[in-house]
Amino acid sequence: MLNYLWAAMIAIGIIYAAFTGNLEAITNAALDSAGEGISLCITTAGVMALWMGLMEIAQQAGLVAKLTRGINPLLGFLFPRIPREHKAREYIATNIIANVLGLGWACTPAGLKAMEELAKLEAERGTPGYLPEGESVKSYGRETANVHDGGSMTDGSGLTDRKKGKRERVASNEMCTFLILNISSLQLIPVNMIAYRQQYGSVDPAGIIAPAIVATFVSTVAAVVYCKVKDSRKRRV
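Quick caveat: nothing in here was measured; it's all calculated off a predicted structure.

Caption draft 1: Here's a closer look at the packing of helix H3 (residues 63-70) against helix H5 (residues 87-100). Viewed as axis vectors pointing N to C, H3 and H5 meet at an angle of 105°, and their least axial separation amounts to 9 Å. Taken together, H3 and H5 sit at an angle that is classed as roughly perpendicular. Along the contact surface, H3 presents Val64, Leu67 and Thr68, while H5 presents Ala93, Thr94 and Ile97. Its residues placed into classes, the contact of H3 with H5 shows 4 nonpolar, 2 polar and no charged.

Caption draft 2: Region of interest: empty space enclosed by the protein. Going through the model one piece at a time under the given rule, you end up with 1 cavity of 30 Å³ or more. Its volume calculated, the largest cavity comes out at about 30 Å³. Surrounding the largest cavity, Leu78, Phe79, Pro80, Arg81, Asn173, Glu174, Thr177 and Asp231 form its lining. Per element, the largest residue contribution to the lining of the largest cavity is 3 residues, and it comes from helix H7 (residues 173-183). By residue class, the composition of the lining of the largest cavity is 3 nonpolar, 2 polar and 3 charged.

Caption draft 3: Broad picture of the pattern of salt bridges. What the rule picks out here adds up to 7 salt bridges. Among the salt bridges present, the one from Glu90 reaches Lys87, with a minimum N-O distance of 3.3 Å. Taken together, the residues span about one helical turn, with Glu90 and Lys87 both in helix H5 at a distance of 3 residues. Ionic pairing is found between Glu116 and Lys113, a salt bridge with its closest N-O pair at 3.4 Å. On the criterion of helical spacing, the pair formed by Glu116 and Lys113 is a turn pair, its members being 3 residues apart in helix H6 (residues 104-125). Exposure remark for Glu116: the relative accessible area of 40% places this residue in the partly exposed category. Each of Arg81, Glu122, Arg125, Glu174 and Asp231 takes part in a single network of salt bridges with overlapping partners.

Caption draft 4: Looking closely at the environment of Asn22. Mapped onto the secondary structure, Asn22 falls in the loop between helix H1 (2-20) and helix H2 (23-60). Of the residues examined, Asn22 reaches a relative accessible area of 37% and is grouped as partly exposed. Within the structure, the side chain of Asn22 is placed 3.0 Å from the side chain of Thr20, a separation counted as a polar contact.

What counts as what
Residues numbered from 1 in each chain as written. Predicted model: local features only at pLDDT ≥ 70, side-chain atom pairs only at ≥ 80, totals over all residues. Heavy atoms only, no water. Axes fitted to C-alpha atoms, helices over the stretch in contact; angles between N-to-C directions. Helix = DSSP H or I, 4+ residues; strand = E, 2+ residues; numbered from the N terminus. Parallel < 35°, antiparallel > 145°, perpendicular 65-115°, else oblique. Contact = heavy atoms within 4.5 Å. Nonpolar A, V, L, I, M, F, W, Y, C, P; charged D, E, K, R; others polar. 1 Å grid on protein atoms, 1.4 Å probe; cavity = no way out; pocket = protein on both sides within 12 Å on 5 of 7 lines; lining within 4 Å. Points joined across faces, edges and corners; volume = space filled by probe spheres on them. Salt bridge = Lys/Arg side-chain N within 4 Å of Asp/Glu carboxyl O. Buried < 20%, exposed > 50% of the residue type's maximum accessible area, 1.4 Å probe, protein only. Polar contact = N/O pair within 3.5 Å; in protein donor to acceptor, adjacent residues only side chain to side chain.

Any functional reading would require information beyond the geometric quantities listed.
Structure (structure tokens):
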């Protein structure tokens, strides 16, 4: 969908420039932007290398493990149905810590691994759509077979296409909560924005830190409240 939107905006811009006699300006702007893009990539790569290195040092020194243990109560509150020793909790903790430190590049691998582990957790629970064909899983005291009678499942754990008889994966509550928190995550050091501001000649590149903390704190609180409200409504249903 985004590809279509970008293509439409580019096409509209070129057509408008053609009708208004500004095609030369469009060409110059495209060339200038290409050069600025390369410069920005080089600057961002340096900042990324610095913070990724610091994150690796912190991990090797055991600091990340200590921080992970420190936020276990928070994880228990946000994800009460994830077993305490499950691998998903470790990856979620690493992702949250990296996000708080503003290391968007470092949190992506942990986020992907967290989603993989959450998918495995759904398979362990016997959620339709997450099991290999024909496999049965004993989970939570019941035997769940990966078969169906062609009906439609609307309990949030999986959906069945009545016509084709195929099951579709549906994101679990934990997956949705993790994704929302990941998007709205609190940041103490917005590394990306600092790098961009420095690249474009800001007098005070780090001046964004205080406003970013306030904005991301509010967004994170709103995300937690939203997730908890939706979770409580789902339980009542």
